[in-house]
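# Examining the three-dimensional arrangement
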Amino acid sequence: MKKIKIVVVGLGYVGLSNAVMLAQKNLVTAVDINIDKINLINKRKSPLANNLMESFLANETLDLKATLPSNEIYKNSDIALISTPTNYDETTYCFNTDSVEKSIETALSKNPNILIIIRSTVPVGFTEQMIKKYQTNDIYFVPEFLREGKALHDNLNPTRIIIGGLGKNFKLIESIFKNGTKKKDVDILMMSPAEAESSKLFSNTYLAMRVAFFNELDTFAQTKNLITKNIINSLSLDPRIGIGYNNPSFGYGGYCLPKDTKQLLANYKNTPQKLMKAIIESNDLRKKFIADKIITMRPKVVGIFRLVMKKGSMNFRESSILDIAKLIRLNGIKVIIFEPLVKDDNFNELEVVNNFEEFSKQSEVILANRIDNVLNSVRDKVFTRDIFNLD
């Protein structure tokens, strides 16, 4: 069977996991502007700290190479898979899709017959706008449902594969993704681009709602002197509710949930809603509640143990704990950070102390969104709402 030539644009956790997964059965060229990432991949080393990714690159047979952008790559490729970042712009109330649009324009200008697959998260209606702009039905939206720190695992074992488009290449796209999975009997759903875009945003917004719900439950339990764990355990035994996303936290954060909830709310313009806005407001209220709890303790120095929101993640963009730190500082309390991923002495105007002994010595209270064994020796100082220690 002839291998399909695929160029993957963007080597974040989404792009890299796609490139590795697809390179099992196809000829994949990964394109990025970061030469360090390129060199590592070509040496079969992972630019991201992830055991499965490192193992796959080192041990699996992959037709994968990484390179800087060039015209020839697009000319010689059958498919361009775009996975560049789309950050939420607080001034326009919309994702910034400039990198995706530029990638589409570049690919089609070099190869008018190339098939475009968008995996970056985009606003509802974006894909059809691109279809109309370039007068081609060969632009599809295939949303990713990947957890931070487990992107390759989730690509290899997808819960479902959704393909949104208006053309005739559904079966081709189905085959390249299905052939890369390790899971049998994956559900394949084919729909319009707008329905696929909506599926992505509603999925993450529902997860954000779950986080907000159990956080508000925890807030209630704390104010009423109840045991949160007992209440959550009783709810979770109901199969209609289940155990997913039921562990209290300092608020949802990370790369996806904050921006996707805001984008979905923006897409609700001129459509009646209450819940979508309430999810975002609930998350803000949770952060204020946690900050107020710390402020009432009147510590002189508060330590932030890790900025990442969950185990295995390397991303602390939109971290709720940073917003909590700002609120604490406004009350004249010094805040320091322990975060090995930060190599500088300061981050967001906060002092970084990556010697754990010194960090724990200076901190009167240590905020930890998720518990770690390294905290065992200072548990009397730790403030956390991590009840189940699962994620």
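Summarised in this report is the structure supplied together with it.

## Here's the deal with the packing of helix α1 (residues 13-22) against helix α3 (residues 51-59)
Between α1 and α3, the least distance of the axes is 11 Å, while the angle of their chain directions is 40°. Regarding the angle of α1 to α3, the classification is oblique. The element α1 and its partner α3 pack so that their crossing is left-handed. Judged by residue contacts, Leu16, Ser17 and Val20 of α1 engage Met53, Phe56 and Leu57 from α3. Split by residue class, the contact of α1 with α3 holds five nonpolar, one polar and no charged.

## Regarding the side chain of asparagine 50
Positionally, asparagine 50 belongs in the loop between α2 (35-42) and α3. Within polar-contact distance, the side chain of asparagine 50 engages the backbone oxygen of glycine 149 at 2.7 Å. Apart from the residues within four sequence positions on either side, asparagine 50 is in contact with Gly149 and Lys150.

## Quick notes on unusual backbone geometry
Positive phi, close to 55°, is recorded for asparagine 225, a residue that is not glycine. Along the chain, asparagine 225 falls in the loop between α9 (193-223) and α10 (228-236). The phi dihedral of asparagine 348 is positive, around 55°, even though this residue is not glycine.

## Here we look at the environment of asparagine 155
With respect to the helices and strands, asparagine 155 occurs in helix α7 (residues 151-156). Each C-alpha atom, one on asparagine 155 and one on aspartate 63, is 17 Å from the other, the two residues being 92 residues apart in sequence. Non-local contacts of asparagine 155, meaning those with residues more than four positions away in its chain, are made with Val14, Ser17, Asn18, Met21, Arg119, Leu146 and Thr181. Separated by 3.3 Å, the side chains of asparagine 155 and arginine 119 make a polar contact.

## Considerations on the pairing of strand β2 (residues 27-31)
The element β2 is extensively covered by neighbouring structure, given that four of its five residues are classed as buried. In the classification by handedness, the crossover that spans strand β1 (residues 5-9), the intervening α1 and the parallel β2 is right-handed. The pairing of β2 with strand β3 (residues 64-67) spans four bridges and is classified as parallel. Looking at β3, one finds that alanine 30 is bridged to alanine 66.

## Remarks on the environment of glycine 167
Note on placement: glycine 167 falls in the loop between β9 (161-164) and α8 (170-178). Separated by 153 residues in sequence, glycine 167 and valine 14 have C-alpha atoms that sit 24 Å apart. If sequence neighbours within four positions are ignored, glycine 167 has contacts with Asn137 and Tyr140.

## Re the pattern of salt bridges
Applying the stated criterion to the full structure yields 17 salt bridges. The partner of aspartate 323 in a salt bridge is lysine 287, with the nearest N and O atoms 2.7 Å apart. Of this pair, aspartate 323 sits in helix α13 (residues 320-329) while lysine 287 sits in helix α12 (residues 275-297), placing them 36 residues apart in sequence. The exposure class assigned to aspartate 323 is partly exposed, which follows from its relative accessible area of 26%. Between lysine 334 and glutamate 351 there is a salt bridge whose closest N-O contact spans 3.4 Å. Highlighted residues: lysine 334 in strand β12 (residues 334-338) and glutamate 351 in strand β14 (residues 350-352), separated in sequence by 17 residues. Connected via shared salt-bridge partners are Asp218, Arg286 and Arg385.

The rules behind each value
Here the residue index of a chain counts from 1 through its sequence in written order. Thresholds applied to this predicted model are a pLDDT of at least 70 for local features of residues and 80 or more for the giving and counting of side-chain atom pairs; totals over whole chains, interfaces and linings are not thresholded and use all residues. Derived side-chain values reflect all non-hydrogen atoms in the structure, with water molecules and hydrogen atoms excluded from consideration. Under this scheme, a helix contributes an axis fitted over its contacting stretch, all axes are lines through C-alpha atoms, and angles between N-to-C directions fall in the 0 to 180 degree range. Runs of E in the DSSP output that reach at least two residues are strands. Runs of H or I that reach at least four are helices, and both are numbered from the N terminus. These descriptions rest on fixed angle ranges, namely under 35 degrees for roughly parallel, over 145 for roughly antiparallel, 65 to 115 for roughly perpendicular, and the rest for oblique. In this scheme, a crossing is called left-handed if the near helix is turned counterclockwise away from the far one by less than a right angle; it is called right-handed if the turn is clockwise. Every residue pair with non-hydrogen atoms within 4.5 Å of one another is taken to be in contact. Charged means Asp, Glu, Lys or Arg here, nonpolar means Ala, Val, Leu, Ile, Met, Phe, Trp, Tyr, Cys or Pro, and polar covers whatever is left, Gly included. Polar contact is defined as a pair of N or O atoms within 3.5 Å, subject to the rule that within protein one atom must be able to donate a hydrogen and the other to accept it, and that residues adjacent in sequence are counted only when both atoms are side-chain atoms. Relative accessibility decides the category of a residue: with a 1.4 Å probe and only protein chains considered, values under 20% of the type maximum give buried, values over 50% give exposed, and everything between is partly exposed. Call a crossover right-handed when, viewed with both strands pointing away from you, the route from the first strand across the helix to the second goes clockwise. For two strands to be treated as a pair, DSSP must find at least two bridges joining them. A carboxyl oxygen of Asp or Glu within 4 Å of a side-chain nitrogen of Lys or Arg is what we treat as a salt bridge.

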